[in-house]
Amino acid sequence: MNFLDDIFTRLESTREQVVLQEAHATGPVMATGGGLLGMVAGARAFLRGAGLQKGDRCVLLANNSIRWVALDLALMAEGIIVVPLYARQAPGELVEIMKDCQPARVCCGDASLSDAIKQDWPEAPRCVLFDEIFGQGSSMNPQEPPKPRSPSDAVTIIYTSGTSGEAKGVILNHSNLSHMLRCTTGRLDGLMGPQNQPDRIFHYLPLCFAGSWIMLLTGLTRSSLITLSTDLNRLAEEIPAAAPHYFLNVPTLLERVRAGIETKLKERGGMALAVFRNAREAWAHKQAGRVDWADRVWLRLANSIVFPVIRKRLGSNLKALICGSAPLSVETQEFFLFLGVPVLQVYGLTETTAICTMDLPQHIEPGWVGYPVEGLEMQLAENNEILVRGPNLFPGYWNRPEETARVMGNGWFHTGDQGEFNIDGNWRIIGRIKNLIVLNSGHNIAPEPIEEALLQKISGARQAVLIGNGRSFLTAIIVGEVSRMDVQDALDAMNIEQPHYKQIRGFHLSREAFTIENGLLTVNGKLRRDAIYKRYQNEIEALYAVGRAAAR
């Protein structure tokens, strides 16, 4: 059996059990295993009636919902290749992707999405709404298994957002997914232990992203109750109501949660703030191996009167937070560990079926992203680039054989990420090859560690981008409500500890955040550096003009 057979078997065995629910302000909307299978059967009947065949491509464009999951399962069961797209992406970008993959149908969650596509692409394939797909009912047997398929059959084409340039379609097949879901299930077994009760999973990340989708499929493979968020503005209410055992995050959210906790404690002041601060210092002593009786008292007080209130906001059942898409700052990971909430990091790319490494629940090292999944080999090449090979490696990019050949070599995939590993085999991500800044002096600088240090040093800074490729010195763009004096003081303190070529000699302050909507972040929250450099070209040139004048 492959992963899809496993999911259908699991749903059949939980016909009366709620397996999916949408969080709404008016109360949850639920689907049992049997109910979900019925929705899948209805969608399969529609797809057959529409004449779609095995190997056709079908775009899935909608926000997270039970119907999204049902249609995804229906498409896969019929052997149709799913192309999931991000509903918040600009229509022009979506059209370019669709022109690349040439879908037979475009399935939209609502009319506004369909209208936006038609406006930008009048010749688009027929767009059908979820209401039409699920509104007709079906006499099809909900117990009909998925159509037979081979391990090499394509399941999905997931388009990578890319930090620059056009998106590429990553093909993943049944073999990739069956292997990866065995790996993720195994790691979750280590977190949850014997399954005496269903896993409670909260899910807010868009299901069109590879890592988010793998989490969904893993939950469907296991005995789980998955709660889908429907309003990111209500996460503070939805999370404790879902009472999850674990959920997948991006660093941005955990940074916000941490900042929110610290702000509330400062506003509250009094005994709670005093206990928190003293306990934090005591925890640092404990990590250094020099805890004394006073430290034990502060930690005991925090665990009894402060931490329970904080942890309640994340749900009464929480065993761990899972974090991927980008490295999490060491300070934030340690902050949650201090609260008694482990953060398990995951590293991977869409091309590796979303995952290369995962933290072991019993062995977490802040700043490190865990150990390779079963069957995966990892090694370092020139410039500390991470190379990987294994059964989770994608077969290639859609319609881009030259691009596929460029990133593959003797069976090894060139990730473009820089890393290192310790004697235990734990890995750390230190940068991105194409993000390397090469000064005109020849010095190579990975910007990510310096950018992270800037955010830690400058209170109120939300984003930072290091500039300097082809230049004689480094500068930075700092985003946030900060003063020039605070930034300069932080730079002065940092520069003293750095060699001359890593010193930042100028900066530009911006109040406008880098976002997906203004084109300065990718859809999964990574910096679009080329776009940022272009947007701030005049400001950057001014920084270097001042630097040249000072040098004279």
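Preceding this section is the structure that the text describes.
Since this is a predicted model, take the numbers as computed values, not measurements. For every chain, the first residue of the written sequence is number 1, and numbering continues from 1 onward in sequence order. Local features in this predicted model are restricted to residues of pLDDT 70 or higher, and side-chain atom pairs are both shown and tallied only at a pLDDT of 80 or more, whereas totals for entire chains, interfaces and linings draw on every residue. Here the side-chain values reflect all heavy atoms present in the structure, with hydrogen atoms and water set aside.

*Asks:* What should I look at first to understand the overall build of the chain in this one?
*Replies:* Secondary structure elements follow DSSP: runs of H or I of four or more residues count as helices, runs of E of two or more count as strands, with numbering from the N terminus. When helices and strands are counted, the chain shows 18 helices and 26 strands. For this measure, only C-alpha atoms enter the radius of gyration; the expected value for a globule follows 2.2 Å times N^0.38, where N is the number of residues. Over its C-alpha atoms the chain spans a radius of gyration of 25 Å, differing by no more than 12% from the 24 Å that the globule rule assigns to 552 residues. Between two residues, a contact is recorded if the distance between any of their heavy atoms is within 4.5 Å. For the chain, long-range pairs separated by at least 24 residues make up 66% of all intrachain contacts whose partners lie at least 6 apart in sequence. Per-residue and other accessible areas follow the Shrake-Rupley method at a 1.4 Å probe size, with only the shown protein chains counted as cover for residues. In the form shown here, the chain has an accessible surface area of approximately 24,200 Å², with 50% of it arising from carbon and sulfur atoms. His residues and chain termini do not enter the charge count, which takes Lys and Arg as positive and Asp and Glu as negative. In plain terms, the charge of a residue is placed at NZ if it is Lys, CZ if Arg, CG if Asp and CD if Glu. Averaging the locations of the 55 positively and 58 negatively charged side chains of the chain gives two centres separated by 3 Å.

*Asks:* Even after reading the chapter, I still don't get a nonpolar patch on the surface, so can you show me in this structure?
*Replies:* Taken together, the side chains of Met 271, Trp 293, Val 297, Leu 301 and Ile 305 define a hydrophobic patch exposed on the protein surface, amounting to about 530 Å² of accessible area. Of all the elements, helix 12 (residues 293–312) adds the most residues to the nonpolar patch, at four residues. Inspection of the secondary structure assignment puts Val 297 in helix 12. Under the relative-accessibility criterion, Val 297 is labelled partly exposed at 34%. Patches here are clusters of residues that have more than 30% relative accessible area and form no salt bridge, with a 9 Å joining cutoff for like charges and a 5 Å cutoff for nonpolar side chains (Val, Leu, Ile, Met, Phe, Trp, Tyr). When a carboxyl oxygen of Asp or Glu is within 4 Å of a side-chain nitrogen of Lys or Arg, the pair counts as a salt bridge. Three exposure classes are used, based on accessible area relative to the maximum for each residue type with a 1.4 Å probe and protein chains only: buried under 20%, partly exposed in between, and exposed over 50%.

*Asks:* What am I meant to see in the pairing of strand 8 (residues 168–173) here?
*Replies:* Consecutive side chains along a regular strand alternate between the two faces of the sheet. The buried fraction of strand 8 is high, at six of six residues. Both faces of strand 8 are covered, namely the face carrying Lys 168, Val 170 and Leu 172 and the face carrying Gly 169, Ile 171 and Asn 173. By definition, two strands form a pair when at least two bridges between them are found by DSSP. Relative to strand 18 (residues 396–397), strand 8 is paired through two bridges, and the arrangement is antiparallel. In the strand pairing of strand 18, Val 170 is matched with Tyr 397.

*Asks:* Is there a simple way to explain the sheet that holds strand 24 (residues 461–467) in this structure?
*Replies:* In any sheet, the strands associate via hydrogen bonds between backbone groups, in a parallel or an antiparallel arrangement. One open sheet accounts for three strands, arranged 24-25-26; its pairing is mixed. Here the strands that pair on one side only, and so sit at the sheet edges, are strand 24 and strand 26 (504–510). Recorded for the sheet is a direction-independent mean angle of 25 degrees between the axes of neighbouring strands. Judged from the six bridges that link them, strand 24 and strand 25 (residues 474–480) form a sheet pairing that is antiparallel. Directly across from Val 465, in strand 25, lies its bridge partner Ile 477. In this description, a line fitted to the C-alpha atoms serves as the axis of each element, helices being fitted only across the stretch in contact, and the angle between N-to-C directions of two axes falls anywhere from 0 to 180 degrees. Together, strand 24, strand 25 and strand 26 form the strand contacts of helix 15 (residues 447–457), whose direction differs from that of strand 24 by roughly 145 degrees.

*Asks:* What exactly am I supposed to notice about the packing of aromatic side chains here?
*Replies:* Given two aromatic rings, one states the distance between the centres and the angle between the planes to describe the pair. Stacked, tilted and edge-to-face pairs are distinguished by plane angle, under 30 degrees for stacked and over 60 for edge-to-face with tilted covering the rest, among Phe, Tyr and Trp rings (Trp via its six-membered ring) whose centres lie within 6.5 Å. Scanning all chains against the criterion turns up 14 aromatic pairs. Measuring from ring centre to ring centre gives 5.6 Å for Phe 394 and Phe 413, while their planes differ by 75 degrees; the resulting arrangement is edge-to-face. On the criterion of sequence distance, the pair formed by Phe 394 in the loop between strand 17 (385–389) and strand 18 and Phe 413 in strand 20 (residues 412–421) is long-range, its members being 19 residues apart. Using a relative accessible area of 4% as the deciding quantity, one classes Phe 394 as buried.

*Asks:* Please explain the packing of helix 2 (residues 33–49) against helix 3 (residues 66–77) as it appears in this structure.
*Replies:* For the pair helix 2 and helix 3, the least separation of the axes is 8 Å and the interaxial angle reads 55 degrees. With respect to helix 3, the element helix 2 is oriented oblique. Of the two possible hands of crossing, helix 2 and helix 3 adopt the one that is right-handed. Here Leu 36, Met 39, Val 40, Ala 43, Arg 44 and Leu 47 of helix 2 come into contact with helix 3, specifically with Ile 66, Arg 67, Val 69, Ala 70, Leu 71, Leu 73, Ala 74, Leu 75 and Ala 77. Throughout this entry, Asp, Glu, Lys and Arg are counted as charged residues, while Ala, Val, Leu, Ile, Met, Phe, Trp, Tyr, Cys and Pro are counted as nonpolar. The remaining residues, Gly among them, count as polar. Looking at the contact of helix 2 with helix 3, its residues break down into 13 nonpolar, no polar and two charged. Here the angle decides the label: under 35 degrees means roughly parallel, over 145 means roughly antiparallel, 65 to 115 means roughly perpendicular, and every other value means oblique. Handedness of a crossing is defined here by the sense of rotation of the near helix relative to the far one, left-handed for an anticlockwise turn of less than a right angle and right-handed for a clockwise turn.

*Asks:* Teacher, can you tell me more about the nonpolar core here?
*Replies:* Generally speaking, a soluble globular protein has its nonpolar side chains buried in company with each other. Among the nonpolar cores identified, the biggest contains 117 residues, and Leu 36, Val 69 and Leu 73 are the most heavily contacted of them. Looking at which element gives the most residues to this core, the answer is helix 3, with 10 residues. Leave out the neighbours within four places in its chain, and Val 69 touches Leu 20, Leu 36, Leu 207, Leu 216, Leu 220 and Leu 228. Residue types Ala, Val, Leu, Ile, Met, Phe, Trp, Tyr and Cys, when buried and joined through side-chain atoms within 4.5 Å, form a set referred to as a nonpolar core. Counting 23 residues, the second largest nonpolar core, distinct from the first, contains Leu 94, Val 95, Val 106 and Cys 127.

*Asks:* In this structure, what is going on with helix 8 (residues 210–221)? I would like to understand it.
*Replies:* Every α-helical turn comprises 3.6 residues, leaving residues that sit three or four positions apart pointing alike. Working rule for helices: expected span equals 1.5 Å times residues minus one. For helix 8, with 12 residues, the first-to-last C-alpha span of 16 Å sits near the 16 Å given by 1.5 Å per residue. Extensive coverage of helix 8 is indicated by the burial of 11 of its 12 residues. All buried positions along helix 8 are accounted for by Ala 210, Ser 212, Trp 213, Ile 214, Met 215, Leu 216, Leu 217, Thr 218, Gly 219, Leu 220 and Thr 221.

*Asks:* Where do I start with the packing of helix 1 (residues 3–13) against helix 8 in this structure?
*Replies:* Each pair of packed helices gets described by two things: the angle between the helix axes and the distance between those axes. The geometry of helix 1 relative to helix 8 is characterised by a closest axis approach of 8 Å and an angle of 50 degrees between their N-to-C directions. When the interaxial angle is binned, helix 1 and helix 8 end up oblique. On the side of helix 1, the interface is formed by Phe 3, Asp 6, Ile 7 and Arg 10, while helix 8 contributes Leu 217, Leu 220 and Thr 221.

*Asks:* I tried to follow the sheet that holds strand 9 (residues 199–203) on my own but got confused; where do I start?
*Replies:* Ordered by their spatial adjacency, nine strands build an open sheet running 2-1-10-9-11-12-13-14-15, and the pairing between neighbours is mixed. Single-partner strands in this sheet number two, and they are strand 2 (29–32) and strand 15 (371–372). Of the strand pairs in this sheet, strand 11 (residues 246–249) and strand 12 (residues 320–323) are connected by four bridges, and their pairing is parallel. In the sheet register, Asn 249 faces strand 12, and the bridge partner there is Cys 323. Packed onto the sheet, helix 3 meets strand 1 (18–22), strand 2 and strand 10 (224–228) and runs at close to 130 degrees relative to strand 1.

*Asks:* Even after reading the chapter, I still don't get empty space enclosed by the protein, so can you show me in this structure?
*Replies:* Which parts of space are left empty comes out when a probe the size of a water molecule is rolled across the atoms. A cavity, in this analysis, means grid points on a 1 Å lattice covering only the protein atoms where a 1.4 Å probe fits yet has no way out; a pocket is instead an open set bounded by protein on both sides within 12 Å along at least five of seven lines, and a residue lines either one if it has an atom within 4 Å of a point. Grid points are joined across faces, edges and corners, and a volume is the space filled by probe spheres set on the points. Overall, the coordinates contain one cavity of 30 Å³ or more when judged by the stated rule. Computed from the structure, the largest cavity encloses a volume of approximately 50 Å³. Broken down by secondary-structure element, the contributors of at least two residues to the lining of the largest cavity are helix 1, helix 8 and strand 10. In the lining of the largest cavity, the residues fall into four nonpolar, four polar and two charged.

*Asks:* How do you make sense of helix 5 (residues 111–120) when you look at a structure like this?
*Replies:* Within helix 5 the residues assigned to the buried category are Leu 113, Ser 114 and Ile 117. Projected down its long axis, helix 5 shows its buried positions confined to an angular sector of 100 degrees, all on one face. Relative to its buried face, helix 5 has exposed residues pointing more than 90 degrees away, namely Ser 112 and Gln 119. Residues of helix 5 that are buried make contact with strand 3 (57–61), helix 4 (91–101), strand 5 (105–108) and strand 6 (127–129). This arc is built from the directions going out from the helix axis to the C-beta atoms.

*Asks:* Before we go on, may I ask you to explain unusual backbone geometry in this structure?
*Replies:* Outside of glycine, negative phi angles account for most residues, and trans bonds account for most peptide bonds. Here Gln 102, not a glycine, exhibits a phi torsion of approximately 50 degrees, which is positive. Here Gln 102 is to be found in the loop between helix 4 and strand 5.

That's the geometry; what it means functionally is another story.
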